[in-house]
Amino acid sequence: MTATPGSTQFSSSVPTTASLTPLLRAAWQDRADLSLEDFHDAQIRWAIESGLGPLLRRSTAADPAARRSPLWALVEGADLTARVNAEEQLSALAEIIVACEGRTPTLTLLKGMSICTQHYPEPHLRPMRDIDILVDPSAVPIVEALLRQLGYYEPATYPPEWLAVSHHNAPLFHPGKAIWVEVHRALFSADSEVSSDRLFNPGSLRTELSSSECQGRPVNRLSDELQFVYIATHWALKFQRVGGMIAMLDLIYLLRNASALRWERIFDWLNGSVAAAYVYLLISYLDRHKLVDIEPGVLRGLFTRQRSFGRTNLAILHALLDHYVIDGREFGWLVNARNVDRVWRSLLLSGPPSRNILLALWNLLPYRSTLMGSLFPSAVVKARLRQTGHPDGL
């Protein structure tokens, strides 16, 4: 069955409200009057583990009873820790920008380090594991040399075959500051599903860089439109139970605080793009839970450009997000992290939705090669002979 363009309504068997959606909705509405007692202890702990502790603190700031909660110290601690980490990371970034000024082209900020000071009301609301900067490939050696002068070093050696396809060099670490830096030369690795998409090629990227500043220093940022697509694409490439809500929060604040997006430009990029399904999945999920306000015409435009979803596919993916990312349910023996990621990737493939569902089920079979051997023994024998170059396998 094919989904109606722009529609993400499902049967009653799929939950329509997940536990932490009120917290994400509070970000969209900029509310500070949520009641902490409306969240169960497990939900509070999951919000903190997922990186939303500071948002929970901000969204319950006007609740006088919150401070009497046995878990208030955890909420306050998460907020304070995030403030200290953000301050240290932004200070380290400023030092890097100053070191590179006049020696390299202007640095381009990526991911959390870019959006936290651009669209978030407070930088510490956006968890960040490292500093991500994009550099012209010719300037990468210079930037890394400057980072080493600042005290960063490469704590692990990566194999040449990994470096050959990666979009960034080996991460650098500062032992005194406990800060990681990744120097990117592209947005995605060469073996990524979206590496051949024209919207991420160097030419398109250059036209979508905008001059900006960070802490009074000149930097570049991705345009809001490219950042919108980049965030959704990076998020969808792998299923993440812990941290999966961060991209949702990124888009909530981007759509809330950015100037009107050039949707026609986004539509043009997504024509024939693998990323179209990734963008539609995330924005349709936010729309389904009323976490953002999106015009129906925009949803229809995004839906018609993807080639992965029917009604069932989308319902399964939304249910995975409800259960494991928003509700924080633990994986089980069969529904484990590996199998969920297999289902996730299968359902996001470009192609007929019914085929993707069958492929997802097939990928869950624990003994596929054994099953193939019992069903099609001659085919398996020929395949093995073909691998050895035996004439009977030809």
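This one's a predicted model, so the numbers in the text were calculated from it and none came from an experiment.

Caption draft 1: Local environment of the pattern of salt bridges. Applying the stated rule across the entire model yields 21 salt bridges. Ionic pairing is found between Asp 33 and Arg 31, a salt bridge with its closest N-O pair at 2.8 Å. We classify Asp 33 as partly exposed; its relative accessible area is 47%. Given a relative accessible area of 33%, Arg 31 falls into the partly exposed group. For Lys 111, the salt bridge goes to Asp 132, with nearest N and O atoms at 3.9 Å.

Caption draft 2: Highlighting helix α12 (residues 275–288). In this model, α12 (14 residues) spans 20 Å end to end at C-alpha, consistent with the 20 Å of a helix rising 1.5 Å per residue. In terms of burial, α12 is largely enclosed, as 14 of its 14 residues are buried.

Caption draft 3: Structural context of the environment of Arg 126. For Arg 126, the position within the fold is in the loop between α5 (111–118) and β2 (131–134). Separated by 43 residues in sequence, Arg 126 and Arg 83 place their C-alpha atoms 9.8 Å apart.

Caption draft 4: Quick look at the nonpolar core. Counting 90 residues, the largest nonpolar core has Phe 228, Val 229, Met 248 and Leu 255 as its most contacted members. The greatest single-element share of this core, amounting to 11 residues, is contributed by α12. With residues up to four places along the chain from it excluded, the contact list for Phe 228 reads Leu 251, Leu 254, Leu 255, Leu 261, Trp 263, Ile 266, Val 279 and Ile 283. Core analysis: the next-biggest nonpolar cluster, separate from the first, contains 27 residues, Leu 90, Ala 92, Ile 96 and Ile 133 among them.

Caption draft 5: Broad picture of the packing of helix α2 (residues 41–49) against helix α4 (residues 72–100). α4 packs onto α2 with a crossing angle of 10° between their chain directions and a minimal axis gap of 10 Å. Classed by the angle they form, the pair α2 and α4 counts as roughly parallel. Across the interface between the two elements, Ile 44, Arg 45 and Ile 48 of α2 pack against Leu 74, Val 75 and Ala 78 of α4. Residue composition of the contact of α2 with α4, by class: five nonpolar, no polar and one charged.

Caption draft 6: Just the pairing of strand β4 (residues 179–184), in detail. The element β4 is extensively covered by neighbouring structure, given that five of its six residues are classed as buried. The sheet contact formed by β2 and β4 spans four bridges and is parallel. Paired with Ile 133 across the bridge in β4 is Val 183. Joining the antiparallel neighbours strand β3 (residues 172–174) and β4 is a turn of four residues, in which Ala 178 adopts a positive phi near 55°.

Caption draft 7: Summary view of the sheet that holds strand β5 (residues 209–214). The six strands are arranged β3-β4-β2-β1-β6-β5 in an open sheet whose pairing can be described as mixed. Unpaired on one side and paired on the other, β3 and β5 mark the two borders of the sheet. Judged from the three bridges that link them, β3 and β4 form a sheet pairing that is antiparallel. Pairing of Leu 172 across the sheet is with Val 181, part of β4. Where helix α6 (residues 140–149) meets the sheet, it contacts β2, β3 and β4, and its direction lies at approximately 165° from that of β4.

Caption draft 8: Broad picture of the packing of helix α9 (residues 224–236) against helix α11 (residues 263–270). For the pair α9 and α11, interaxial distance at closest approach is 10 Å and the crossing angle is 45°. Viewed along their axes, α9 and α11 adopt a mutual orientation that is oblique. Crossing hand, α9 versus α11: right-handed. Mapping the contact onto sequence places Glu 225, Leu 226, Phe 228 and Val 229 in α9 and Trp 263, Ile 266, Trp 269 and Leu 270 in α11.

Caption draft 9: Structural context of the side chain of Asp 79. For Asp 79, the position within the fold is in helix α4. At a separation of 2.8 Å, a polar atom in the side chain of Asp 79 contacts the side chain of His 124. Here Asp 79 is in contact with Pro 54, Arg 57 and His 124, once residues within four sequence places are set aside.

Caption draft 10: Structural detail: the packing of aromatic side chains. Taken as a whole and judged by the stated rule, the model has 12 aromatic pairs. Between the aromatic rings of Tyr 153 and Phe 173, the centroid separation amounts to 6.4 Å while the plane-to-plane angle is 70°, which identifies the pairing as edge-to-face. With Tyr 153 in the loop between α6 and α7 (160–165) and Phe 173 in strand β3, this residue pair connects regions lying 20 residues apart in the sequence. Phe 173 gets classed as buried once you look at its relative accessible area, which sits at 16%.

Caption draft 11: Spatial organisation of the confidence of the model for the protein. Within the protein, residue pLDDT values average 88, and 88% of them lie at 70 or more. Counting contacts from residues 379–394, a segment whose pLDDT is below 50, to residues more than four positions away or on other chains yields eight contacts.

The rules we used
Residues numbered from 1 in each chain as written. Predicted model: local features only at pLDDT ≥ 70, side-chain atom pairs only at ≥ 80, totals over all residues. Heavy atoms only, no water. Salt bridge = Lys/Arg side-chain N within 4 Å of Asp/Glu carboxyl O. Buried < 20%, exposed > 50% of the residue type's maximum accessible area, 1.4 Å probe, protein only. Helix = DSSP H or I, 4+ residues; strand = E, 2+ residues; numbered from the N terminus. Expected span 1.5 Å × (residues − 1). Core = buried A, V, L, I, M, F, W, Y, C linked by side-chain atoms within 4.5 Å. Contact = heavy atoms within 4.5 Å. Axes fitted to C-alpha atoms, helices over the stretch in contact; angles between N-to-C directions. Parallel < 35°, antiparallel > 145°, perpendicular 65-115°, else oblique. Nonpolar A, V, L, I, M, F, W, Y, C, P; charged D, E, K, R; others polar. Pairing = 2+ DSSP bridges. Left-handed = near helix turned anticlockwise from the far one by under 90°. Polar contact = N/O pair within 3.5 Å; in protein donor to acceptor, adjacent residues only side chain to side chain. Phe/Tyr/Trp six-rings, centres within 6.5 Å; stacked < 30°, edge-to-face > 60°. pLDDT = per-residue confidence, 0-100.

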